[in-house]
Amino acid sequence: MVLFTAFFATLMTIPAVADRRRLMQGLTKRVNSTIAEVTNTPADQLSVKEFRNMVKTGEQLPLLVSGVPGLNLHVERAAMSGRNAPEKWLAVLTVVPPENGTASFDRLVAAAIDPGCGTTRANPS
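## Remarks on the sheet that holds strand β1 (residues 60-65)
The strand order across the open sheet formed by three strands is β1-β2-β3, and the pairing between neighbours is antiparallel. Strands at the two margins of the open sheet, each flanked by one partner only, are β1 and β3 (88-95). Pairwise comparison of adjacent strand axes, ignoring direction, gives a mean angle of 25° for this sheet. On top of the sheet, helix α1 (residues 2-39) reaches β1, β2 (68-78) and β3; it is set at about 20° to β3, its chief contact. Packed on one face of the sheet, helix α2 (residues 48-57) meets β1, β2 and β3 and runs near 75° to β2.

And the structure:
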């Protein structure tokens with residue numbers, strides 16, 4: 001009976017653990033692609049372990065946009081109503097403007113989000 005119980009519990013646990021691992025890997029991959037796109041620095045990649053730790057502790061990850069500090073990543077579980085509601089995650093990038101030079105920082109963030117936004121074109125005449 002003990003062997004059956006242990007085997008049955010293991011059989012039921014393995015798929016749940018594998019699904020959770022795939023979910024965390026997929027979320028980490030999506031967050032990493034967003035980080036690389038916004039900061040233009042692929043070196044700021046998170047590991048799955050670091051991502052999971054950010055979710056558990058609620059800490060923020062400071063990021064640089066073209067070498068300028070002021071962008072923070074925060075990941076948390078979204079509150080869901082209902083007992084059997086699926087788990088939702090929320091990744092938020094917050095911008096903290098520097099004490100001086102906020103106009104240039106705003107243009108820098110706009111350029112990182114939309115490359116055509118921060119540049120102006122001269123009229124060809």
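## Concerning α1
Look at α1: 54 Å from first C-alpha to last across 38 residues, which is about the 56 Å you get at 1.5 Å a residue. Of the positions making up α1, those classed as buried are Met24, Leu27, Thr28, Val31, Asn32, Ile35, Val38 and Thr39. At the C-terminal side of α1, Asn40 shows a positive phi close to 60°.

## A few points about a positive patch on the surface
Residues Arg21, Lys49, Arg52 and Lys56 make up a contiguous surface patch of positive charge. The leading source of residues in the positive patch is α2, at three residues. Lys56 gets classed as exposed once you look at its relative accessible area, which sits at 66%.

## Considerations on a nonpolar patch on the surface
Taken together, Met1, Phe4, Phe8 and Met12 make up a surface patch of nonpolar side chains, about 530 Å² in accessible area. Considering the arrangement of structural elements, one finds Phe8 in helix α1.

## Topic: the pattern of salt bridges
One pass over the full model with this rule turns up one salt bridge. Its salt-bridge partner being Asp19, residue Arg22 comes within 2.3 Å of it at the nearest N-O pair. One end of the pair is Arg22 and the other is Asp19, both in helix α1 and three residues apart, which spans about a single turn.

## Looking at the side chain of Thr39
Position of Thr39 among the secondary structure elements: in helix α1. Leave out the neighbours within four places in its chain, and Thr39 touches Asp44, Leu63, Leu64, Ser66 and Leu71.

## Digging into the side chain of His74
The residue His74 is located in strand β2 in this model. Polar contacts involving the side chain of His74 include one to the main-chain carbonyl oxygen of Gly58, which spans 3.2 Å. If we skip the residues at most four places from it in the chain, His74 touches Met54, Gly58, Glu59, Gln60, Leu90, Ala91 and Val92.

Parameters and conventions
- Residues numbered from 1 in each chain as written.
- Predicted model: local features only at pLDDT ≥ 70, side-chain atom pairs only at ≥ 80, totals over all residues.
- Heavy atoms only, no water.
- Pairing = 2+ DSSP bridges.
- Helix = DSSP H or I, 4+ residues; strand = E, 2+ residues; numbered from the N terminus.
- Axes fitted to C-alpha atoms, helices over the stretch in contact; angles between N-to-C directions.
- Contact = heavy atoms within 4.5 Å.
- Expected span 1.5 Å × (residues − 1).
- Buried < 20%, exposed > 50% of the residue type's maximum accessible area, 1.4 Å probe, protein only.
- Patch = residues over 30% accessible without salt bridge, like charges linked within 9 Å, V, L, I, M, F, W, Y side chains within 5 Å.
- Areas by Shrake-Rupley, 256 points an atom, 1.4 Å probe, with all protein chains shown as cover.
- Salt bridge = Lys/Arg side-chain N within 4 Å of Asp/Glu carboxyl O.
- Lys, Arg positive; Asp, Glu negative; His and termini not counted.
- Charge placed at Lys NZ, Arg CZ, Asp CG, Glu CD.
- Polar contact = N/O pair within 3.5 Å; in protein donor to acceptor, adjacent residues only side chain to side chain.

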